[in-house]
Amino acid sequence: MDWTDLIDAAFDAAGSSNNGTRAEALRTVEANVAPDEKPVASTAGRHPDHFRKGVLVLTTHRLLFLKDGKPPVPVPLEAVTDATVTRTRINGEVLLVVALTGSHRFEDVVKAEMFAERIRTTALNARQSSRKALDAPAPAAAASGAELLEQLERLAALRTAGALTEEEFTRAKHRLIG
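All values reported here derive from a predicted model rather than from experimental measurement.

Analysis parameters
In every chain, residue numbers begin from 1 and rise along the written sequence. The model is predicted, so local features are restricted to residues of pLDDT at least 70 and side-chain atom pairs to those at 80 or more, both for listing and for counting; the totals for chains, interfaces and linings are taken over all residues. Calculated side-chain values reflect all of the structure's heavy atoms, with hydrogen atoms and water omitted. Two strands are said to pair when DSSP picks up at least two bridges between them. Counting from the N terminus, the helices are DSSP H or I runs at least four residues long and the strands are E runs at least two residues long. Classification of residues uses two cut-offs on accessible area relative to the type maximum, computed with a 1.4 Å probe and protein chains only: under 20% is buried, over 50% is exposed, and between them is partly exposed. Contacts are residue-level and defined by heavy atoms, with any inter-residue pair within 4.5 Å sufficient.

K.L.:
Explain the pairing of strand S6 (residues 92–99) here, please?
P.N.:
The side chains of a regular strand alternate between the sheet's two faces. Of the pairings in the sheet, the one linking strand S5 (residues 80–88) to S6 comprises eight bridges and is antiparallel in character. Each residue of the ladder has a partner; that of valine 80, found in S6, is alanine 99. Hairpin geometry of S5 and S6 is characterised by an intervening segment of three residues between the two adjacent antiparallel strands. Examined bridge by bridge, S6 and strand S7 (residues 102–106) share five bridges and lie antiparallel to one another. Opposite leucine 96, over in S7, you have arginine 105 as the bridge partner. A loop of two residues connects S6 with S7, the two strands running antiparallel in sequence.

Here is the structure:
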């Protein structure tokens, strides 16, 4: 599956045939993804603050909510602790994504149970990949000062978000610094 297929599937689920909106969503996603980020799944849903449906895009790194050309609302998968679905008479299937950064509620989600399962599985994989990367041996070549600072800031952000324990953070920091 590529990014175009992912966006098309979400817009089909939303019942939208506006090619301009699809192209805009595709440009937004492609402009915001990391080089090693891959598409996983997509569906349609509505954020409680919006009337019309938007697109939920799940990647190997995060969950994105795209709506009317606005900047995407990202939820880093390393911080996701759970994804549950409830059904209400007014809001249909409600997807609640709980992350260390806060909870995110999406209403009237198409195929919410299947999407929630994909979120849980992909989040688990993201956390495991992050931990494996922290336990990997340090590269032989020393990183430049800017690269080292960037890596330390990323580690600190992961610790702050609760994705790393204090022990894991300290071990990874010592490995980077040497």
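Having seen it, we continue.
K.L.:
I would appreciate a short explanation of the environment of phenylalanine 11 in the present structure.
P.N.:
The topology assignment puts phenylalanine 11 in helix H1 (residues 3–14). In this structure phenylalanine 11 comes out as buried when scored by relative accessible area, which is 6%. Along the sequence, phenylalanine 11 and arginine 22 sit eleven residues apart, while their C-alpha atoms lie 7.1 Å from each other. Apart from residues lying up to four places away in sequence, phenylalanine 11 is in contact with Ser16, Thr21, Arg22, Ala25 and Val55.

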